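Structural characterization, general
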Amino acid sequence: MASRQAGAAVLDQAGRLQGEGAVVRLILLGPPGAGKGTQAARIVQRWPIPHISTGEMFRRAVDDDTPLGQQVRQYMESGQLVPDELVVQMVRRRLHEPDCAQGFLLDGFPRTRPQAEALDQLLEEMGQRLDAVLLLEVPDELILERITGRRMDPETGTIYHLKYNPPPPEVLPRLVQRPDDTEETCRKRLAKYHRETEAVIPYYEQRGLLRRIDGTRDPDQVTEQIFQVLGVPQ
Ligand code: ADP
Ligand code: ADP
């Protein structure tokens, strides 16, 4: 049986998790535009765990105009946080889906102290525990440029940046920009991050789960540091 400690996970020669019961439960934390989505895509290539992005789930609900989408649209477009009950309810349902038996990578959740407490309670009910919380640290002055230059390929879900991760020319015409990736909304989201989400950092630090990652380096170096702190051989 594999250990549930990320640093002692059972790995094959390529560094992939192997063996029945090998489970990794991770959280990616950090300001908007820190690179959470970019790094999540790389982590799940290595570990076969679902990438659960609450922002993506809400965006899909808004695009599909579901009742949930109608409830959250306004909050998202104005750079506000969606109320905790709605987020927690959605995550609760998601974590009960069968693919989460192998673990999960949460991206963008928890974002408030009550969400972190609700997650703890939920995991306790499910007899599970977290392995690590990866905090991508990027100072405010770099965030605005990252957010306003972000573009997404709707066909593949790949995240590009006009300057830092330029798309191939054939992909360029179909790229989309998130409606909340404007300068004004970005400032509001950043203020929210400092006011509400940062309170989650000491919460996990006290539990010995927090791992600080330098998010200012280039994406490959950030990935390298993530695997290094998780004890995965390069
Ligand atoms: P970013 O990638 O910029 O960090 P996300 O894609 O994670 O942003 O989230 C987009 C928006 O979705 C947020 O601004 C907020 O309105 C909503 N949202 C996502 N996750 C949460 C959460 N855990 N709690 C409250 N609101 C959330
Ligand atoms: P988040 O999910 O935290 O909001 P993203 O992964 O979407 O962040 O990244 C935000 C933008 O910054 C994207 O355009 C992405 O291509 C770019 N980006 C991500 N990581 C880096 C990095 N290490 N250096 C420079 N740009 C980056």
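Notes on the structure follow. Everything numeric in this text was worked out from a predicted model, so none of it was measured.

With that settled, consider the pairing of strand β7 (residues 210-214). Covered by surrounding structure in β7 are R211 and I213 only, the residues L210, R212 and D214 on the alternate face being uncovered. In this structure, strand β4 (residues 132-137) lies alongside β7, joined through five bridges in parallel fashion. Bridged to L135 within β7 is R212.

Residues in contact with ligand 2 amount to 19 residues; listed here are only the nearest, G35, K36, G37, R150 and H161. For the shell around ligand 2, the elements supplying multiple residues, two or more each, are α1 (36-46), β6 (159-161) and α9 (219-229).

What follows deals with the sheet that holds strand β2 (residues 51-53). A sheet is described by the order of its strands in space; here five strands give the open sequence β2-β3-β1-β4-β7, paired in parallel fashion. Two strands in the sheet have a free side with no partner beyond their single neighbour: β2 and β7. When strand polarity is set aside, the average angle formed by the axes of neighbouring strands in this sheet is 20°. In the packing of α1 onto the sheet, contacts are made with β1 (24-29), β2, β3 (103-107) and β4, and the angle to β3 comes to roughly 165°. Contacting β4 and β7, α9 crosses the sheet at an angle of about 155° to β7.

Taken together, 19 residues lie near ligand 1, and P32, T54, G55, V82 and G108 sit nearest. Those elements that place two or more of their residues in the shell around ligand 1 are α2 (54-63) and α3 (67-77). With three residues, the top contributor of residues to the shell around ligand 1 is α2. Here the residues of the shell around ligand 1 are counted per class, giving eight nonpolar, eight polar and three charged.

What follows deals with the packing of α1 against α9. At a minimum axis distance of 10 Å, the contact between α1 and α9 shows a crossing angle of 55°. The orientation of α1 relative to α9 falls into the category oblique. Of the two elements, α1 crosses α9, and the hand of that crossing is right-handed. Counted together, T38, Q39, R42 and I43 of α1 and P219, V222, T223 and I226 of α9 form the full contact between these two elements.

When two helices pack together, their arrangement is given by the angle between the helix axes and by the axis-to-axis distance. At their nearest, the axes of α2 and α3 sit 8 Å apart, and the two run at 115° to each other. Overall, the two elements α2 and α3 adopt an arrangement that is roughly perpendicular. For the pair α2 and α3, the crossing hand works out as left-handed. Counting all contacts with α2, which are made through F58, A61 and V62, the residues of α3 involved are L68, G69, V72, R73 and M76. The residue inventory of the contact of α2 with α3, partitioned by class, reads six nonpolar, one polar and one charged.

With that settled, the discussion passes to the environment of L175. If you trace the backbone, L175 turns up in the loop between β6 and α7 (183-195). Residue classification places L175 among the partly exposed positions, given that 16 C-beta atoms sit within 10 Å. Dropping the residues within four chain positions of it, L175 is found in contact with R151, M152, D153, Y160 and P167.

Tracing the backbone shows I159 in strand β6. Classification of I159 by C-beta neighbours within 10 Å gives partly exposed; the count is 17. With 36 residues separating them along the chain, I159 and L123 place their C-alpha atoms 30 Å apart. Contact partners of I159, with chain neighbours within four places excluded, come to G37, T38, R150 and M152.

Reading the values: the criteria
Residues numbered from 1 in each chain as written. Chains lettered and ligands numbered in written order. Predicted model: local features only at pLDDT ≥ 70, side-chain atom pairs only at ≥ 80, totals over all residues. Buried ≥ 20, exposed ≤ 12 C-beta atoms within 10 Å, placed from the backbone. Helix = DSSP H or I, 4+ residues; strand = E, 2+ residues; numbered from the N terminus. Pairing = 2+ DSSP bridges. Near = placed C-beta within 6 Å. Axes fitted to C-alpha atoms, helices over the stretch in contact; angles between N-to-C directions. Contact = placed C-beta atoms within 7 Å. Nonpolar A, V, L, I, M, F, W, Y, C, P; charged D, E, K, R; others polar. Parallel < 35°, antiparallel > 145°, perpendicular 65-115°, else oblique. Left-handed = near helix turned anticlockwise from the far one by under 90°.

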